[in-house]
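# Overview (structure and organization)
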Protein chains: 4
Amino acid sequence: MKRAPYVAVVGASAGTPSELALGETVGRLLAERGAVLVCGGMGGVMEAAAGGAMNAGGTTVGILPTDSRLDANPYLTIAVATGMGEARNAIVVRTADVVIAVHGEYGTLSEIALALKMGKPVVGLGTWELVREGTAIDAIVRATSAEDAVAKALGLAASLRGS
Amino acid sequence: MKRAPYVAVVGASAGTPSELALGETVGRLLAERGAVLVCGGMGGVMEAAAGGAMNAGGTTVGILPTDSRLDANPYLTIAVATGMGEARNAIVVRTADVVIAVHGEYGTLSEIALALKMGKPVVGLGTWELVREGTAIDAIVRATSAEDAVAKALGLAASLRGS
Amino acid sequence: MKRAPYVAVVGASAGTPSELALGETVGRLLAERGAVLVCGGMGGVMEAAAGGAMNAGGTTVGILPTDSRLDANPYLTIAVATGMGEARNAIVVRTADVVIAVHGEYGTLSEIALALKMGKPVVGLGTWELVREGTAIDAIVRATSAEDAVAKALGLAASLRGS
Amino acid sequence: MKRAPYVAVVGASAGTPSELALGETVGRLLAERGAVLVCGGMGGVMEAAAGGAMNAGGTTVGILPTDSRLDANPYLTIAVATGMGEARNAIVVRTADVVIAVHGEYGTLSEIALALKMGKPVVGLGTWELVREGTAIDAIVRATSAEDAVAKALGLAASLRGS
């Protein structure tokens, strides 16, 4: 799997039905395109995306904040128990080539910021907007649908690889 | 020092002269008020704030991303070498009772988000604004000066303690 | 894979030919028995064990100390980039139900000690012996062959699960 | 304090009265010699050593496994809350120039092993002995008293610095 792109899907641990449906479609499309799905391993959008990917035959990894892999959602090829709490967000991002943010709360915002700090591309589906001192910072690649998000994320991963 | 409030000052590792001056004043005022200053231990606003605090007789701790405490700025009572890169941002925030963000880049944004995720108050001086899906999220307590930021941060720390 | 046992195989990043052969056999047997192999993701015994498992159709995860998953050995279903250096040893152990130590150096000793601290069983193949203040501490389950090590590790994992 | 040596004192979170007395003397002597004491921040030998150092006017830092600095023992100049569990042992060791092990359990053994892996000297007071495959590994500098341990640790720190 070393050559497959790794795409982190980040979003709320509780999500609205439409957010969960969006996460599931993103996961399915990533699996169909041969990507490895990386997530935080818990519920909500993480679980929806992992479920979408696994049901499509994909490979999924969850990097958990808790100290037991039994806390993981059931749709993971591999569950990693870090026991590090929110500090694991940095590992989710570091493991991925590119990040897709599906809506999301403060944890998602921290993953967006860590990815940008590490120089990794972030694709956003209705998620946070970055504004600093009155100026919009145009660092998140905006997508209009799950299909668009996956196409953009895999395009960015491929261009990183080619460089 | 267990009873002293711990205040994290986060900001860019490179900063403009006015940002550095602001960080230094924040550090000095925190020291004069008896707070422990927590920072990421490197240069820029972290160094300016630590210098302001140490020159006023305060106690400062830097939590470094690198694996050598010799990489620290020279104004730290204690330098902690985590060797964890950006994952150390979670430790900076976790160690503090309240966070003051002085302008800042993506690393600072990750610390703001992690603090809010952990339920810790954030005071902002000209820093990021939080906007999600077109709606401003009013989670950062805005300050208009170093004096105002320190007063608000210590007030928030005291009210947490009283609760 | 949630029900499969997770077994960490720990050992030297450089190993003698006989240590590598032993690691490879341990990996192969674990895969044949349906276990997920967890390792540190780098070379030596980690690579030999992962190779043995993957060539037998098993699932393998490497938890890397570096900040790039491209540093991983080529026999991993999933590579996780922690960027945390030796602190990742705790994650290797925490993710596993049981640890098999194949000879090994100081890093391996740290993983044995962390596992015992966390209450996880450790099976040893010619590895460290624990002696404290003149008294042998009989905490490592000794195995005499790769077959014996895998049988004991999976037996311990099953008994933990049954409890 | 950048030039002061940093010495980690590691030992059991519960200790016998004689172990606690030994830890306290080690802490006091380190403070009298101007060293910064690093420890895991909790009870037992960590608390005894920190108390000995603080009562002698020294500077102490505790690097806690929990996510609240209020869990710390009361003898710390600075308490750092990592929220990382046993993974924090790597940070304790990484922050120090040299480690003194006072007896100790499995957590202490993990710190000894991590220090040796990182190339940092370890001084032992009645602690673990390292034996691998029937051969004693003479990597811990043995001390016969608190005075001897502190003298050896500071000598090793000075020679590292001179190199």
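As a starting point, this report considers the structure included with it.

Residues and elements named next belong to chain B. One can find Val 26 in helix H1 (residues 17-32). For Val 26 and Ala 149, which are 123 residues apart along the polypeptide, the C-alpha to C-alpha distance reads 7.6 Å. Discounting chain neighbours no more than four positions away, the residues touching Val 26 are Val 9, Ile 100, Leu 125, Ala 146 and Val 150.

Time to look at the interface of chain A and chain B. Contacts between the two partners involve 30 residues from chain A, matched on the other side by 30 residues from chain B. The junction of chain A with chain B conceals about 2,600 Å² of combined surface from both sides, 63% of it contributed by carbon and sulfur atoms. Joining chain A to chain B, the criterion identifies two salt bridges. Residue Arg 132 of chain A is joined to Glu 105 of chain B by a salt bridge in which the shortest nitrogen-to-oxygen separation is 2.9 Å. One can count 12 residue pairs in polar contact (both at pLDDT 80 or more) joining chain A with chain B. Broken down by secondary-structure element, the contributors of at least two residues to the side of chain A that touches chain B are helix H3 (89-95), helix H4 (106-117) and strand E7 (128-132) of chain A. Here the side of chain A that touches chain B takes eight residues from H4 of chain A, the largest share from any one element. Here the residues of the side of chain A that touches chain B are counted per class, giving 14 nonpolar, nine polar and seven charged. Both E7 of chain A and strand E7 (residues 128-132) of chain B contribute to a ladder of five bridges, which runs antiparallel. Among the inter-strand pairings, Glu 129 of chain A is bridged to a residue of E7 of chain B, identified as Val 131 of chain B.

What follows is about the nonpolar core. Formed by 236 residues in total, the largest nonpolar core has its most connected members in Ile 100 of chain A, Ile 100 of chain B, Ile 100 of chain C together with Ile 100 of chain D. Look past the residues within four positions of Ile 100 of chain D in its chain and what remains in contact with it is Val 7, Ala 8, Val 9, Val 10, Val 26, Leu 30, Val 123, Leu 125, Ala 149, Val 150 and Ala 153 of chain D.

Conventions used here
Residues numbered from 1 in each chain as written. Chains lettered and ligands numbered in written order. Predicted model: local features only at pLDDT ≥ 70, side-chain atom pairs only at ≥ 80, totals over all residues. Heavy atoms only, no water. Helix = DSSP H or I, 4+ residues; strand = E, 2+ residues; numbered from the N terminus. Contact = heavy atoms within 4.5 Å. Buried area = accessible area lost by both parts, 1.4 Å probe. Salt bridge = Lys/Arg side-chain N within 4 Å of Asp/Glu carboxyl O. Polar contact = N/O pair within 3.5 Å; in protein donor to acceptor, adjacent residues only side chain to side chain. Nonpolar A, V, L, I, M, F, W, Y, C, P; charged D, E, K, R; others polar. Pairing = 2+ DSSP bridges. Core = buried A, V, L, I, M, F, W, Y, C linked by side-chain atoms within 4.5 Å. Buried < 20%, exposed > 50% of the residue type's maximum accessible area, 1.4 Å probe, protein only.

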